[in-house]
Each structure stands twice: as C-alpha cells, then as structure tokens.
Amino acid sequence: SDTAPPTASSGGDSSGGADLGWMQSYKAGYRDSQAQWAGGSEVMHIKSHKGKLFAFNGYWKDSHYTPQTPGSSQSAQVLRLDEPNGTWQVDLDTMAEGRPTHMKGNIMHTVTFTTDSKGRPVDRTLLVAASHSDSVSRGPGPQPSTAISFFIRHDDASPARWSATQLLPGLTGGRKVPRDIEIHTDTVTNIARIFLLCGDSGVISGAWDEEQQTIIWDDHTEYPGPGKKFPVRALGMT
C-alpha cells in the first residue's frame, strides 16, 4: 500500500519489558544499492540463513511482470537483509543470465546434507529455492514446454552467487509447481537425498556431489514414475 510504515509502540509486554511493536521493513518499488529493481506484489517465503534474512517474492497481478515480452519483464527475486535496520537488496534475479521468467517464488528452504552422493560424511548447509518456469524452449507442439527452476546459493563464493538447474523440462507431466522440499537419509545406502515435490508431476530426488559442489538430480520423477503424474495436486510431504 501507499500508507506510511507503522511506528513502534511504547506499551509493555506481559513480562514487564518494553514492547517495541512492529516496523515496516520492506516496501516494494525501488532500486537497491546495485541499481536493481526491488519489487513484487507479494512475499512468498522468508528464511534466516547464516546471519542474514532472505525473502522470495512474486509478481502475481503485477504490471511489471510481462512474460510475453521477457526482455522488459520483471521476474521473481530473492531479497536479502543484512541487518535489522538495513535495506533489502536483490540477491537473486531468477531471470538473469538468460533464464526464463518466473511469476513467483514457489519455495525457499534451508537444507543440510550430512552425507554426499557416495555416502561419505559431509556438513553442507545450503539455501535453496525453486519456482515454476513460465517459458522455456519450445517443444514440438504450439505451446512452450514447462519446467521447474531450482536455485542453490553458494555462500563460500566471493561474492556469493546462485546457480540454476532446470528440472523435468518438457510438455508432459501436468502443472510443474514446486511445493515442498525435504532431506531424507536412505538407511540402506547412507546417502542423504533431497526430495522435491513437483506439483502434478510427482517427486524428484537428488543428492549432493562433493566434487562438483552441486546437487545431482535424477532424470525422472521417483514417484509416481516417468511419464506419470498425480491424479490430484500434491501440496506437502514429511
């Protein structure tokens, strides 16, 4: 909205301490310190990660989002806040580096791998995000094929950077909207596997490759299997 941000109240809480109330931390619609547009019509997810706060926004019903003309469109962004009284900065533009447009940030999560793809011990905590790709390379039909874009933040790089992988590209599999992320250690192989719930398409699985410093994903969904999809949209797993 265009209303002024709320100010802190001067009341007290139940323990007798000062109640600092609420302050508005982000108001979409400005250029950050790197001249990138910080916008969005909604914030989909907020996560703390290694001393910083991250928010994944969306551009649903926002006139800045025009996937028909990607050259002039905005796309979902991960924003970063370094300190409580700081200004939110654009940490990831999901459309940068020639990637497709993404209307909203569907999921953002912190995951920890305790073993790698070979079952060896590791200690790797990552901030990851995923979003439905609104347009990728066209298939044989009149409609563009769809996919899920999966993003990993590499904190150890200087400066920190994001890498992107496209999962399940193609014309089949229904509506590919990522809904949940979980880590599960296989008790037989001792491999910590990441599972991504992909909406209609099912569940795809991967593991951390220590040599390549990335997640290696299966080519097809693990469940309900290649060429199949859920009869209804799946929204969560545990």
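Note that the coordinates shown come from a computational prediction; the quantities given were computed from them, not determined experimentally.

The rules behind these values
- Residues numbered from 1 in each chain as written.
- Predicted model: local features only at pLDDT ≥ 70, side-chain atom pairs only at ≥ 80, totals over all residues.
- Heavy atoms only, no water.
- Pairing = 2+ DSSP bridges.
- Helix = DSSP H or I, 4+ residues; strand = E, 2+ residues; numbered from the N terminus.
- Axes fitted to C-alpha atoms, helices over the stretch in contact; angles between N-to-C directions.
- Contact = heavy atoms within 4.5 Å.
- Phe/Tyr/Trp six-rings, centres within 6.5 Å; stacked < 30°, edge-to-face > 60°.
- Buried < 20%, exposed > 50% of the residue type's maximum accessible area, 1.4 Å probe, protein only.
- Core = buried A, V, L, I, M, F, W, Y, C linked by side-chain atoms within 4.5 Å.

Q: Explain the sheet that holds strand 5 (residues 77-81) to me, please; I cannot follow it from the model alone.
A: Hydrogen bonds along the backbone pair up the strands of a sheet, which may run parallel or antiparallel. One open sheet accounts for four strands, arranged 3-4-5-6; its pairing is antiparallel. Two strands bound the open sheet, and with one partner strand each, they are strand 3 (42-49) and strand 6 (89-93). For this sheet the average axis-to-axis angle between neighbouring strands, irrespective of direction, equals 25°. Two elements, strand 4 (residues 52-58) and strand 5, share four bridges in a ladder whose sense is antiparallel. By the bridge assignment, Phe-56 is partnered in strand 5 with Val-78.

Q: What am I meant to see in the environment of Ala-234 here?
A: Looking at the secondary structure, you find Ala-234 in the segment after strand 14 (214-217). For Ala-234 and Asp-200, which are 34 residues apart along the polypeptide, the C-alpha to C-alpha distance reads 6.6 Å. Among all residues touching Ala-234, those that are not within four sequence positions of it are Arg-179, Leu-197 and Gly-199.

Q: Would you mind showing me how to read the packing of aromatic side chains here?
A: Both the distance between ring centres and the angle between the ring planes are used here to describe each pair of aromatic rings. All told, the structure shown has five aromatic pairs when counted by the stated rule. Taken together, a centroid distance of 4.9 Å and an interplanar angle of 70° make the contact between Phe-150 and Trp-217 edge-to-face. Here Trp-217 lies in strand 14 and Phe-150 lies in strand 9 (residues 146-154), a separation of 67 residues in the sequence. A single burial state applies to Phe-150 and to Trp-217, both of which are buried. Here the aromatic cluster, defined as three or more aromatic residues joined through ring pairs, consists of Tyr-26, Tyr-30 and Trp-88.

Q: Would you take a moment to explain the nonpolar core for this structure?
A: General note: in soluble globular proteins, nonpolar side chains tend to be found buried as a group. Membership of the largest hydrophobic core comes to 21 residues, with the highest contact counts inside it found for Phe-113, Phe-150, Leu-167, Ile-181, Leu-196, Ile-215 and Trp-217. Those elements that provide at least two residues to this core are strand 7 (107-115), strand 8 (121-133), strand 9, strand 10 (161-170), strand 12 (192-197), strand 13 (203-209) and strand 14. The dominant element in this core, judged by the number of residues it contributes, is strand 8, at four residues. When sequence neighbours within four positions are dropped, the list of residues in contact with Leu-167 reads Ala-147, Ile-148, Phe-150, Leu-196, Ile-204 and Trp-217. Membership of the second largest hydrophobic core comes to ten residues, among which are Ala-76, Leu-92, Leu-127 and Phe-151.

Q: For this particular structure, what's the right way to read unusual backbone geometry?
A: Among all residues except glycine, the phi angle is most often negative; among peptide bonds, the trans geometry is most common. Of note, the bond from Ser-158 into Pro-159 is cis; its omega dihedral lies within 30 degrees of zero at 0°. Relative to the elements of secondary structure, Pro-159 occurs in the loop between strand 9 and strand 10. Cis geometry is adopted by the peptide bond preceding Pro-224, which originates at Tyr-223 and carries an omega value of 5°. One can find Pro-224 in the segment after strand 14. Even without being glycine, Ala-35 reaches a positive phi, approximately 65°. With respect to the helices and strands, the residue Ala-35 is situated in the loop between strand 1 (30-31) and strand 2 (37-38).

Keep in mind that these numbers describe shape and distance, not what the molecule does.
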